[in-house]
Amino acid sequence: MDMFVIRGGTPLAGTVTINGAKNAALPIMAAALASSGPSVLQDVPDLVDVRTLCKLLSELGMNVNRDASGDLRLEVVDDRPHAADYELVRTMRASVCVLGPLLARRGRACISLPGGCNIGDRPIDLHLKGLAALGADIRVERGYVIAEAGRLRGARIYLGGPFGSTVTGTCNIMVAAALARGKTTIESAACEPEVVDLGNYLNNMGARISGLGTPFLEIDGVEELTGTTHRIVPDRIEAATLMIAAAVTNGDVELKNVRSQHLTAVLEKLSEIGVKIANVGENRLRITTSGELRAADCIALPYPGIPTDVQAQLMSLLACTPGISVITDKVFPDRFMHAAELARMGAMIRREGPSAIINGAGQLSGAAVMASDLRASAALVIAGLSAQGDSAIRRIYHLDRGYERLERKLRQLGAHIERVEDRADTFPHSLRLDQPQTAAELTGPHWSHPIANTTSQKRSA
Ligand code: EPU
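The structure displayed is predicted, hence computed values, not measured ones.

### Overview of the overall build of the protein
Then step 1. From N to C terminus, the protein includes 16 helices and 24 strands.
Then step 2. Here the C-alpha coordinates of the protein stretch approximately 75 × 45 × 45 Å along the principal axes.
Then step 3. Taken over 461 residues, the protein has a buried fraction of 55%.
Then step 4. Taking all contacts inside the protein whose residues are at least 6 apart in sequence as the whole, residues at least 24 apart take part in 72%.
Then step 5. For the protein, the accessible area works out to roughly 18400 Å², and carbon and sulfur atoms hold 49% of it.

### As for the site of the ligand
Then step 1. Near the ligand there are 24 residues, and of these Thr166, Thr168, Asp309, Val331 and Arg375 occur at the shortest range.
Then step 2. At 2.7 Å from an oxygen atom of the ligand is found a side-chain nitrogen or oxygen belonging to Arg375.
Then step 3. Put simply, the parts of the chain that give the shell around the ligand at least two residues each are α1 (22-31), α5 (125-133), α6 (167-178) and α12 (374-386).
Then step 4. Here the shell around the ligand is built from residues that sort into 11 nonpolar, six polar and seven charged.

### What to know about α12
Then step 1. Look at α12: 19 Å from first C-alpha to last across 13 residues, which is about the 18 Å you get at 1.5 Å a residue.
Then step 2. Judged by how many residues are buried, α12 sits mostly within the fold: 13 of 13 residues are covered.
Then step 3. By the N-cap criterion, in which a side-chain oxygen at the helix start approaches the backbone nitrogen of a residue two or three places on, α12 is capped by Asp373, the distance to Arg375 being 3.1 Å.

### Things to note about unusual backbone geometry
In most cases, non-glycine residues show a negative phi, while peptide bonds are predominantly trans.
Then step 1. In this structure, the amide linkage connecting Tyr303 to the following residue, Pro304, adopts the cis form with an omega of 15°.
Then step 2. Relative to the assigned elements, Pro304 resides in the loop between β18 (298-300) and α10 (311-319).
Then step 3. Even without glycine at this site, Ser188 takes up a positive phi of about 60°.
Then step 4. Mapped onto the elements of the fold, Ser188 is located in the loop between β11 (183-187) and α7 (193-204).

### With respect to the UniProt feature "active site" (unreviewed entry) in the protein
Then step 1. Within the UniProt annotation, "active site" (unreviewed entry) is assigned to Cys117.
Then step 2. Looking at the secondary structure, you find Cys117 in the loop between β7 (108-112) and α5.
Then step 3. In this structure, Cys117 is in contact with Arg93 and Arg122, ignoring residues within four places of it in sequence.

### Quick notes on the nonpolar core
Then step 1. In terms of nonpolar packing, the biggest core is built from 75 residues, with Met29, Val98 and Leu202 touching the most fellow members.
Then step 2. Val248, Ala265, Val275 and Leu380 belong to the second-largest nonpolar core, a separate cluster that totals 67 residues.

### Quick word on the side chain of Thr249
Then step 1. By secondary structure assignment, the location of Thr249 is in the loop between α8 (236-248) and β15 (252-256).
Then step 2. A polar atom in the side chain of Thr249 sits 3.2 Å from the backbone oxygen of Ala246.
Then step 3. Apart from the residues lying within four places of it in its own chain, the contact partners of Thr249 are Thr10, Pro11, Leu12, Leu385 and Ser386.

Criteria and thresholds
Residues numbered from 1 in each chain as written. Predicted model: local features only at pLDDT ≥ 70, side-chain atom pairs only at ≥ 80, totals over all residues. Heavy atoms only, no water. Helix = DSSP H or I, 4+ residues; strand = E, 2+ residues; numbered from the N terminus. Buried < 20%, exposed > 50% of the residue type's maximum accessible area, 1.4 Å probe, protein only. Contact = heavy atoms within 4.5 Å. Areas by Shrake-Rupley, 256 points an atom, 1.4 Å probe, with all protein chains shown as cover. Near = heavy atom within 4 Å. Polar contact = N/O pair within 3.5 Å; in protein donor to acceptor, adjacent residues only side chain to side chain. Nonpolar A, V, L, I, M, F, W, Y, C, P; charged D, E, K, R; others polar. Expected span 1.5 Å × (residues − 1). UniProt positions renumbered as here; feature names shortened; annotations may be inferred. Core = buried A, V, L, I, M, F, W, Y, C linked by side-chain atoms within 4.5 Å.

Written as structure tokens, this is what we have:
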């Protein structure tokens, strides 16, 4: 298992390019199952979730190849398989995206129910309700969803749930309805740019979907979807992660391949905190800070609100920004596993239901911490980059699911970050309790955080 060892305190500086979005690439790759021709997908990030889905799609009868230029070529060569096994689905919830395409094209899908995960309950009742409305016969047996249908037929579907719409649910229903007989309307559809990207991909293959980017979609079913060539929309979550990393280290970073129109809520919030963001060309943003950052309240909401996938990273930023901030997650109200790990670095965070109250310290202190999920890992990396001293971020396999070699990009920007195998002999010396450390070394010249002071007193006692 790998871990990151980070020496904090270096301002990030330089230019990096943002990849295509994981959360657009995955449903688009799955949607290729519903087409009858080959697709070429450009800018698909090379990350663990993409590789897992490639494996699943191969098992489902697709030829999947990445060519020398990095393009992903997908073509159905056998349309008989229809089952997605627990062993793959349990490692990646986005596997559920094959449900709609399989049902629409092959009339049958048998998908392991994904179960819960570290960011909270993740039911798929809305996916199933939508597919049932399109005429599918659905039952759950031995942990699997078994869905069967002749030709699906258009219907009126409401996709609102207790926490807003559903992103991958909208994707599943959109693909299924694209091949249904007649017209489907989806109300309370997810408006995320990744859903729009899938809609554009389907339309390029002959689908007739209108209203993309709004909560009201109209879909006129067609007989067949052909293949196409499609470039994946830039990853707004990777962009936000790097912006926050730049801000927390007082850096000066330029990001290429960013769609600022997909990040309005994040850019507004970062400006309120005191981060300077300038448009410096087409799809290019420059991130700098000047002077003190300010505490702020943030609410994660469905698009176009602040994404839940950026909530953890914002928490790291606010944990080292003096003042009281409140972060509320209205999409995944239990997504706070990172808070306890940030506390190991000296952050003062109190959880109150779907909110976390953060008493921002001036600076965090490096520590060994454990990543619990993808975005929590990114938050811990951000905290490590800003902290005083060394940090060891363990279980970064979570991070590898959704960021393509994040450490390379950060090193390109001057960060001191290494990927090493997590072993006793690679663990940073400075974090070992048996290493002689003076109180001055532990507290540092400008370190005045009460938790850290308590720790240093205990250690030197
Ligand atoms: N929900 C239901 N019923 C459903 C589906 C969802 O109640 O049938 C609830 C969920 O429990 C949650 C809310 O609705 O409270 C939103 O869930 P959604 O279905 O939109 O999430 P998802 O489609 O499973 C995608 C992303 C997540 C991202 C969420 C929210 C992909 C592959 N995953 O998940 O990304 O957090 O939308 O924006 O697109 C990540 O990249 O780290 C990640 C977790």
